[in-house]
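The residues making up each chain are set out below.
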Amino acid sequence: MGIKSSLGLLFAIALVLGLVRSDFSFKSKAHGPRVELSFWNGFTGPDGIVMLGLVRRFNEENPDIQVTMQRMDWATYYNKLMVAALDDRGPEVFVLQSSWLTRMNRAGFVARINDVYAGEKGVPANDFDPQVIQQVHVGDAYIGVPLDIWPFGLYSNADELKAAGFVDAQGNARPPATKEEFLKAASTLQHMGPDGHPDVWGYALTNWRFNFQALLTQFDGYYFNKQGRADLANPGNVAALTFMASLNEGKRLIPPPENGLGWVGFRQKKVGMVIDGIFMVGDLLRLDDFHYVGAPLPVIGKHAGTLAESHTLCVRKALGERQSAAAKKFIRFLSDNSVEWAKAGQVPARRSVRDTEEFKKLPVQSAFAKQIPNMQYMPKTTVIFELNQEIDFAVEKVIRGRSTPVAALEEANKHVQAFLDRDKTERTGEDAQ
Amino acid sequence: MTYAKKRGLHGLLFLAPYALSFCVFVLIPIGVALVLSLMQFDLTAPHSIKFNAGKNYADAWKDEYFWQALKATLGYVVLMVPGLIVTSLGVALGLNGMAKGRNTIRAILFLPGMLNVAVTGLLWRWFYDGEFGLFNFVLKRLGMNPAPWLSDKGYAMPSIVMMSLWWTIGGTSIVLLAALQQIPKQIFEAALLDGSTGPALLSKITIPLLRPVLLFVVVTNTIAGFQVFGQPFLLTQGGPERSTRGLVQYIYETAFNNYRLGYGAAMSWMLFAIVAVFALLQYRVLRRSIA
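Residues numbered from 1 in each chain as written. Chains lettered and ligands numbered in written order. Predicted model: local features only at pLDDT ≥ 70, side-chain atom pairs only at ≥ 80, totals over all residues. Heavy atoms only, no water.

1. Describing the confidence of the model for chain A
On average, residues of chain A score 90 in pLDDT, and 91% of them are at 70 or above. Segment residues 20-30 of chain A: pLDDT under 50, and six contacts once partners within four positions in sequence are set aside and those in other chains are kept. (pLDDT = per-residue confidence, 0-100. Contact = heavy atoms within 4.5 Å.)

Here you go:
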């Protein structure tokens, strides 16, 4: 092949690649260069594909803005985000879990975005439930837009419930709604195997800490007292943990701790009921031969309640005017179209979106959404990682029968208070006592 | 320029690429970590970053989680290093005695070592799974009770060691096999003619002549043992009840989950000091026995 023909071939390849990259679009572009936005998140599962679809739609509808999405595992996401953002190389738009917002905000790279909520085209702040919008409210500023809510609820095997007689007037599976019903279902759904041990369990703990944190809300449990001091061994928390431990005593209603059954056991029909977040529904959507039903947590404590978290959309500080405007436009788009996002296994944060018929058709999502008035977020604290680790440890010790709820929570409380004191001393130089 | 100088210059030129990367990726980070260890350095609180002299070291000394993690690390080293040496030596002796198929077995043994720790961890997590795992499936088939491989404090660390052995035995065995093959056969023949038996051959000839290589294997594996991270992190995440959370995992959590880089760096230096002391002690003891 001669030089001329080689160059011709190269030119042809470049032309084809260029056309492919531009989606064969010959539409006239808006004046001025396109604004490039980088959007980072940890949506590595099927939810990431839904989010990618939304990003593509936004890019099509806004030819003057090009959003590039990058998703990475949550485990490394925050490290990369932190390092990049502190060096002003981070993404323009990023997702933070609500429980991490306080800590990340202190790092100083999260922008105030009050104007996203302002004006007719703004995201209406009053479209959020008070405890949801409060998650992104710091002082007099908003530092993010809640995209969704992920309440924890009860997943049940519908066939097992029906077989055990838990049905409503129409003959549909009816998950337990009270403590008595729950204990009865946990016991009835348990089937003994030929070796005399349960082959199928009525109920199993998934993430132990999440199960505890979901339950403590029903017993008026909390993490910090009004003075901001750690108070993990409060009566509500003790009652919730005592209830969890009781499932392991007498007639055992949960698999032994070393068994490892949990969500996987539920998927494999070896467990009748589990408590988990709405985000797990995406995992069930892929199963063809499994009939399940989602419902609010049964009222085991004094009243209804559950744990919740949110993904919040945030903007990096110190963006240029055009980038900042584009970022806010993108956030508004995602918020307005969050019903699409809900299909990936989330509950939209905005009430108006939850009121749409499209959302109401999502059975598990809409069932879990009923808990929003009673849900409780994790506390806003800068020691969130340490707090969660201590609760993890306390719950584990109790479930394994190595400690009482009071002793385990008191031990955890001592450590969390020490973390708070250290944090305060390091920040202010004052003695935390 | 004299020939010797020219040769020296050429040598330096050949060394330069490695020396450069060693400086950039090893020496400078070590120096930075030393400086960080003397600072209060929390990435989430950039305004409070300051020098705090040796406070991080003093805090670590008083930190019960530091000692708990060190105990877990020591537990791993104590199980892993002798376990690895004994099994690798056994494998190497077996291979050395084989007339046929040695290369095939050697390749098979070496294969796990070529896998990434993440792949190995995922594979063994399935092996150990309480309900759906391979090992418990086999135990149940044999009419035995399933074992809580990773969920019981008594089992978890030995289970991690078992995986590590599977993963690393190939490399160590090959090193020992190479050393075994260097021992002149005439020594064994002479000993046999003098009426020596198998155990005597092992204790009086093989082990003494392997000592320099054993010294190398023990010291390097002890250093690696103190740095264990991937195996417990993937299999147990440090549980149950933090019984397998080693020092490197605690340092990782401190520096990269809590963003307390200064404190994490101080603990890294303390780990370095501990490893250095152990390695030097082993070196001295074994070196003396060689002499």
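That covers the picture; the talk isn't over yet.
2. Here we look at empty space enclosed by the protein
Counted according to the given criterion, the structure contains two cavities of 30 Å³ or more. Approximately 50 Å³ is the volume found for the largest cavity. Contributing to the lining of the largest cavity are E426 of chain A together with M39, Q40, F41, D42, N56, R260, G262 and Y263 of chain B. Of all elements in the fold, only β1 (39-40) and α12 (261-290) of chain B reach the threshold of two or more residues within the lining of the largest cavity. A per-class count over the lining of the largest cavity returns three nonpolar, three polar and three charged. Reported here for the second largest cavity is a volume of approximately 30 Å³. Lining the second largest cavity, in full, are A72, T73, Y76, M157, V228, P232, T244 and G246 of chain B. In terms of residue count, the dominant contributor to the lining of the second largest cavity is helix α3 (residues 64-97) of chain B (three residues). (1 Å grid on protein atoms, 1.4 Å probe; cavity = no way out; pocket = protein on both sides within 12 Å on 5 of 7 lines; lining within 4 Å. Points joined across faces, edges and corners; volume = space filled by probe spheres on them. Helix = DSSP H or I, 4+ residues; strand = E, 2+ residues; numbered from the N terminus. Nonpolar A, V, L, I, M, F, W, Y, C, P; charged D, E, K, R; others polar.)

3. What to know about the interface of chain A and chain B
On the side of chain B, 26 residues touch chain A, which itself brings 34 residues to the contact. Here chain A and chain B share an interface that buries about 2700 Å² over both sides, 46% of which is from carbon and sulfur atoms. Ranking the residues of chain A by area buried against chain B places N79, F393 and E426 of chain A at the top, with a combined share of 19%. Linking chain A with chain B are six salt bridges, by the criterion used here. A salt bridge links D42 of chain B to R427 of chain A, with the shortest nitrogen-to-oxygen separation between them at 3.4 Å. If you look at where chain A meets chain B, you find 17 residue pairs in polar contact (both at pLDDT 80 or more). Broken down by secondary-structure element, the contributors of at least two residues to the side of chain A that touches chain B are α3 (74-86), α4 (101-107), α10 (263-267), α17 (384-399) and α18 (405-428) of chain A. (Buried area = accessible area lost by both parts, 1.4 Å probe. Salt bridge = Lys/Arg side-chain N within 4 Å of Asp/Glu carboxyl O. Polar contact = N/O pair within 3.5 Å; in protein donor to acceptor, adjacent residues only side chain to side chain.)

4. Here's the deal with the packing of aromatic side chains
Per the counting criterion, the structure on display carries 43 aromatic pairs over all chains. Between the aromatic rings of Y128 of chain B and F135 of chain B, the centroid separation amounts to 5.4 Å while the plane-to-plane angle is 70°, which identifies the pairing as edge-to-face. Note on Y128 of chain B: relative accessible area 2%, which makes it buried. Consider the rings of F135 of chain B and W149 of chain B, whose centres lie 5.6 Å apart with planes at 65°: the pair is edge-to-face. Of this pair, F135 of chain B sits in helix α6 (residues 134-141) while W149 of chain B sits in the loop between α6 and α7 (153-182), and the two are 14 residues apart along the sequence. With relative accessibility at 16%, the residue W149 of chain B sits in the buried group. Over the face of the ring belonging to F393 of chain A we find R242 of chain B, whose NZ or CZ atom lies 4.2 Å from the ring centre. R245 of chain B extends its terminal NZ or CZ atom over the ring of Y65 of chain B, reaching a point 5.3 Å from the ring centre. (Phe/Tyr/Trp six-rings, centres within 6.5 Å; stacked < 30°, edge-to-face > 60°. Buried < 20%, exposed > 50% of the residue type's maximum accessible area, 1.4 Å probe, protein only. Lys NZ or Arg CZ within 6 Å of the ring centre and 35° of its normal.)

5. Re the sheet that holds strand β2 (residues 65-71) of chain A
Hydrogen bonding along the main chain pairs the strands of a sheet, whether they run parallel or antiparallel. Residue and element names in this part refer to chain A. An order of β2-β1-β3-β14-β6 is seen for the five strands of this open sheet, with the pairing classed as mixed. In the strand order of this sheet, the two ends are held by β2 and β6 (145-146), each with one partner. Bridging between strand β1 (residues 35-41) and strand β3 (residues 93-97) involves two bridges; their strand directions are parallel. Bridge pairing links W40 to F94 in β3. In the packing of helix α2 (residues 46-61) onto the sheet, the strands contacted are β1 and β2, and the crossing angle to β2 comes to about 170°. Against the sheet, α3 makes contact with β1, β3 and β14 (311-315), and its axis sits at roughly 130° relative to β3, the strand it touches most. (Pairing = 2+ DSSP bridges. Axes fitted to C-alpha atoms, helices over the stretch in contact; angles between N-to-C directions.)

6. Observations concerning unusual backbone geometry
With an omega of -10°, the peptide bond between G239 of chain B and P240 of chain B qualifies as cis. As for its placement among the helices and strands, P240 of chain B is situated in the loop between α10 (230-235) and α11 (247-257). The phi torsion at A318 of chain A lies on the positive side, around 60°, for a residue other than glycine. Checked against the element boundaries, A318 of chain A lands in the loop between β14 and α12 (321-336).

7. Some details on the pattern of salt bridges
Going through the model one piece at a time under the given rule, you end up with 33 salt bridges over all chains. Across the salt bridge formed by E253 of chain B and R245 of chain B, the nearest N and O atoms sit 2.7 Å from each other. The burial state of E253 of chain B is the same as that of R245 of chain B; both residues are buried. Residues participating in the shared-partner salt-bridge network are R106, D423, E426 and R427 of chain A together with D42 and R260 of chain B.

8. Considerations on the packing of helix α9 (residues 235-246) of chain A against α17 of chain A
Residues and elements named next belong to chain A. The geometry of α9 relative to α17 is characterised by a closest axis approach of 9 Å and an angle of 40° between their N-to-C directions. One element, α9, and the other, α17, form an angle in the oblique class. Crossing of α9 over α17 shows right-handed handedness. Contacts between α9 and α17 involve L241, M244 and A245 on the former and, on the latter, V395, V398 and I399. Residues of the contact of α9 with α17, tallied by class, amount to six nonpolar, no polar and no charged. (Parallel < 35°, antiparallel > 145°, perpendicular 65-115°, else oblique. Left-handed = near helix turned anticlockwise from the far one by under 90°.)

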